[in-house]
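Residues per chain, in single letters:
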Amino acid sequence: MSEYKMLINGQLVTSDDKMSVINPSTGESIVDCPRGTKHHIDAAVAAAKAAFPGWSATPVAARAALLNKLADALEARSEEFARVLTTEQGKPLAEATGEVAFTAGFIRYFAGLELPMKVVEDSADRHVEMHRVPLGVVAAITPWNFPLLIVAFKLPPALLAGNTLVLKPAPTTPLTSLLLGELCRDVFPAGVVNIVTDKNDLGDHLTSHPDVAKVSFTGSTATGKKVMASAASGIKRITLELGGNDAGIVLDDAVPKDVAPGIFQGAMWNSGQVCLALKRLYVHESIYDELCSELAKLADAAIVDDGFAQGVQFGPVQNAMQFEKVKGFLADAKANGNIIAGGDAMDRPGYFIRPTIVRDVTDGTKIVDEEQFGPILPVIKYSDEDDVFARANASPYGLGGSIWSSDADRAASLALKLQAGTVWINKHLDLAPHIPFAGAKQSGLGIEFADEGLAEFTQIRVVNRGATA
Ligand code: NAD
């Protein structure tokens, strides 16, 4: 492995402090990388602040051209990025390759957006224009489940809008962000992008920094609340993409063997470590037994292995802390339901847990009510349609949800009953950069992706002129 460095003011820098990055497939250290300090955060924010006047005055088309250059540079090294991603995160190499390509796609998408001035009124009385202006220094904080892709939800729109950035990746998956820093150093003027690592101890210092104008945060709801509190002192702009406990509702007319593969993938993709994964499945009593069996068959057949293994479908849980958490959920599932596939950590090094299906479980248990963020799907029986929507909506979360039926129109007619930012019909997990993404309730605040997401990196400035006659 090469030497990884942080990016501050256009320089790749190291730190006297180091931290080990662990390969979740082995539990062993991959490399020691620099561990940032408060001084690094301060230097990064100062560099971003100093770069802001020049960058915000750069024409949008020129900023977009540099974003496209970043996408080119990423694609040119995509194989290396994918391998590092699999090594630090654990996901299958094919999925890591997909994540790199999707990341480049997000960068290009945002590079293609514009920030047009809008004439609000042009009359004999007044001429009113609404401009969208950048905010200043944006702090971007990312989690460990999609360490590269989630950077592309934040960096490209922040920069296109004319802001400068300080990125703090998750402590267990900093390597792809640091590699991206190498590319950013060669593409952007000094200070426009800065990247500082931490050991889960600098987030608050960054979000509370007086020179940070906006925080774009993806992570757990518990941390999101801290970010919100810390942003309050400066009335900072915030976008929060937080936890979820997405419900899937399978209507009585669904055909179990037809819907099982989509449900299974929606629950288990990335070993269940997806904010928008299907995390509790409500199935009508008339097809409950059959669908449970179909899901168990898929779980039993799944290939769980090191992300570099041939034919692997699911890698390990990403880190030791999450591994322990998921084992706690397994214990709860055993106590409160019947496990019909999986159920245990695998007897091998690393943080492996087989896809687990739990039946005969109900609301009011930890495995149903809380976010497991791992490869366990609780399957809950229901008999009444109104009741099942009330149960699905009883969660404090509201990120996504799905309705499954042989009659897609019937399912779609129920979609607005589900309190969630996204409701899918006969699928779960389908994101694209042009489709706005936002959590309801405690799953988030604000919008990412699309024009609406870009607007969150701006402030409106209204210019109101009197009649010129
Ligand atoms: P986490 O909240 O523990 O950490 C997320 C990031 O916040 C990390 O970079 C961490 O170092 C940083 N952080 C920690 N303390 C902080 C503080 N006081 N102030 C600012 N930053 C701080 O989350 P995680 O365990 O890395 O990720 C899993 C969670 O993220 C799950 O709940 C999942 O649902 C959620 N998630 C949400 C989305 C979404 O788009 N809604 C996407 C991916 C993950």
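See the structure shown above.
Residues numbered from 1 in each chain as written. Predicted model: local features only at pLDDT ≥ 70, side-chain atom pairs only at ≥ 80, totals over all residues. Heavy atoms only, no water.

J.: How do you make sense of empty space enclosed by the protein when you look at a structure like this?
T.: A full pass over the atoms with the stated rule returns 5 cavities of 30 Å³ or more. Lining the largest cavity are 15 residues; nearest its centre among them are R280, A392, Y397, G400 and Q419. Of all elements in the fold, only β12 (246-250), α13 (385-393) and β17 (397-398) reach the threshold of two or more residues within the lining of the largest cavity. Taken as a whole, the second largest cavity spans an internal volume of roughly 50 Å³. Along the walls of the second largest cavity sit Q89, G90, K91, P92, E95, N270, S271, Q273, Q313, F314, G315 and P316, which together make up its complete lining. Its residues assigned to classes, the lining of the second largest cavity comprises 3 nonpolar, 7 polar and 2 charged. (1 Å grid on protein atoms, 1.4 Å probe; cavity = no way out; pocket = protein on both sides within 12 Å on 5 of 7 lines; lining within 4 Å. Points joined across faces, edges and corners; volume = space filled by probe spheres on them. Helix = DSSP H or I, 4+ residues; strand = E, 2+ residues; numbered from the N terminus. Nonpolar A, V, L, I, M, F, W, Y, C, P; charged D, E, K, R; others polar.)

J.: Is there a simple way to think about the packing of aromatic side chains in this case?
T.: Where two aromatic rings form a pair, the distance of their centres and the angle of their planes describe that pair. All chains considered together, the criterion is met by 12 aromatic pairs. Ring centres of F102 and F106 lie 5.1 Å apart, and the angle between their planes is 90°; this geometry places the pair in the edge-to-face category. You can see F102 and its partner F106 sitting in helix α4 (residues 93-111), 4 residues apart, about one turn around the helix. Note on F102: relative accessible area 32%, which makes it partly exposed. Overall, F106 belongs to the buried group, its relative accessible area being 0%. Note on F323 and Y351: the rings are 5.4 Å apart at their centroids and 40° apart in plane angle, and the pair reads as tilted. Here Y351 lies in the loop between β14 (338-341) and β15 (356-359) and F323 lies in helix α11 (residues 320-336), a separation of 28 residues in the sequence. Take F323 and Y351: they sit in the same class, and that class is buried. (Phe/Tyr/Trp six-rings, centres within 6.5 Å; stacked < 30°, edge-to-face > 60°. Buried < 20%, exposed > 50% of the residue type's maximum accessible area, 1.4 Å probe, protein only.)

J.: How do you make sense of helix α10 (residues 288-301) when you look at a structure like this?
T.: Given 3.6 residues per turn, any residue in an α-helix points the same way as the ones three and four places further on. An ideal rise of 1.5 Å per residue puts 20 Å on 14 residues; α10 measures up with 20 Å between its terminal C-alpha atoms. Turning to α10, its buried residues number three or more, namely Y288, L291, C292, E294, L295, A296 and A299. Those residues of α10 that are buried are in contact with β12, α9 (256-268), β13 (278-284), β14, β15 and β16 (376-382). (Expected span 1.5 Å × (residues − 1). Contact = heavy atoms within 4.5 Å.)

J.: In this structure, what is going on with the sheet that holds strand β22 (residues 458-466)? I would like to understand it.
T.: The strands making up a sheet associate through hydrogen bonds between their backbones, and the pairing can be parallel or antiparallel. Spatially, 3 strands are ordered β5-β6-β22 in an open sheet, and the strand pairing comes out antiparallel. The sheet is open, and its two borders are formed by β5 (118-122) and β22, each paired with just one other strand. Direction aside, the axes of adjacent strands within the sheet are offset by 20° on average. Bridge analysis of strand β6 (residues 126-134) against β22 gives 9 bridges, and the strand direction is antiparallel. Pairing of V128 across the sheet is with N464, part of β22. (Pairing = 2+ DSSP bridges. Axes fitted to C-alpha atoms, helices over the stretch in contact; angles between N-to-C directions.)

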